[in-house]
Amino acid sequence: MNAEHSLLLGNLAQDYYFSKMPINKMVEKYSLSRYLILKYLDEALTNGIVEITIHSNYERSVELEQKLKEKFNIDHLYVIQDPENLAKRDDRIAAFAATQVQAIIQHCKFVALAWGETVFEVIDHFVKVERDDLRFVQFMGENMKYRSSTGSMRMVQRAASKYNAQYYTIPGPLYIINDKIREGFIKEPSISRALRVAEKTDLLLCGIGTIESVHSIPLWHEHETAIFPNVNLENVAGMIFGRPYDINGNFLNQASDKTLSLSLEKIKNIPRRFGIVQGKSKYKATLGALRGGFFTDLVINEATAIRILNELK
């Protein structure tokens, strides 16, 4: 096999297995017939250019995945079977998500990160890779847990350290109640630069929260009515991108958004939006996120998938 042909096989395999490019798109890209592309993909396997490893720790429920895909418009949905030892469930989810996310990052230049325990655990499972052309960026303000390992500023630093890459932060709180002050913050050079970089994002990584995530921070809890004016908190099914939404996937604070963040419109334009759900208690938040089409990729556990399907009956 000559070097040029080996490179072609590698490129085809990258597009097919990592980028999940459809065969018809590959036909256009490489000006090859469908037959030849399939033949070359088999050749890549035979010659060891591609190695497929099935990890027993990541056993998936294909049946549940298919049922959910029939009901929701989502490109990539993974349902991870629950282990016998439920204490290991969240770690299994994080480890699987890390593998999937790093496969996507191979083709990214800019990666936006939320904060939270779930994202922290996924990053903790990253394998070290050298990528000096990669950039990590916050797309919304901080959660002010400065003594926590999951604080937002440390999150992008931690991810960047796994790739020896650069990072951009938003040195401001997630919520700013005064509209004029918030608008002024957005114009500050350090924040406007991060938001401009976030607009270029190829991949966004975040978890799904509930209203309890707001309650867990005393300052936010004390000022809930000012942060979410005219929002009936009893209708909040989940929290994502710092914003509350209902069981049908409708954001509840669009008329008075106090979030220091990339706009929802620009977030929805990010090509890959990867979500991770840990714990079965977030099934309503997950259902709302699926109905709202917030993600292109989602990893959930078996118990959550079953609760969602039961809710839909």
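About the criteria used
- Residues numbered from 1 in each chain as written.
- Predicted model: local features only at pLDDT ≥ 70, side-chain atom pairs only at ≥ 80, totals over all residues.
- Heavy atoms only, no water.
- 1 Å grid on protein atoms, 1.4 Å probe; cavity = no way out; pocket = protein on both sides within 12 Å on 5 of 7 lines; lining within 4 Å.
- Points joined across faces, edges and corners; volume = space filled by probe spheres on them.
- Nonpolar A, V, L, I, M, F, W, Y, C, P; charged D, E, K, R; others polar.
- Helix = DSSP H or I, 4+ residues; strand = E, 2+ residues; numbered from the N terminus.
- Buried < 20%, exposed > 50% of the residue type's maximum accessible area, 1.4 Å probe, protein only.
- Contact = heavy atoms within 4.5 Å.

Peer 1: How should I be thinking about empty space enclosed by the protein in this particular structure?
Peer 2: Remark: the empty space left among the atoms is shown by a probe the size of a water molecule rolled over them. In this structure the tally under the stated criterion is one cavity of 30 Å³ or more. Considered as a void within the structure, the largest cavity measures approximately 30 Å³ in volume. Along the walls of the largest cavity sit N73, I74, A289, L290, G293, F294 and F295, which together make up its complete lining. Of the residues assigned to the lining of the largest cavity, the class counts are five nonpolar, two polar and no charged.

Peer 1: Whenever I open this one, unusual backbone geometry confuses me. Can you help?
Peer 2: Excluding glycine, residues mostly carry a negative phi; peptide bonds, for their part, are mostly trans. Located in the positive-phi region is N230, a residue other than glycine, with phi close to 65 degrees. Along the chain, N230 turns up in the loop between α12 (224-227) and β6 (238-240). Non-glycine residue F241 carries a positive phi angle of around 55 degrees. Within the secondary structure, F241 is located in the loop between β6 and β7 (243-245).

Peer 1: What exactly am I supposed to notice about helix α14 (residues 283-292) here?
Peer 2: For the α-helix, the turn length of 3.6 residues means that residues three or four positions removed from each other point alike. The buried fraction of α14 is high, at seven of 10 residues. Among all positions of α14, only Y283, A285, T286, L287, G288, A289 and L290 are buried. Close packing links the buried residues of α14 with β6, β7, β9 (297-301) and α15 (302-312). Note on α14: the residue one or two positions beyond its end, G293, has a positive phi of about 65 degrees.

That's the geometry; what it means functionally is another story.
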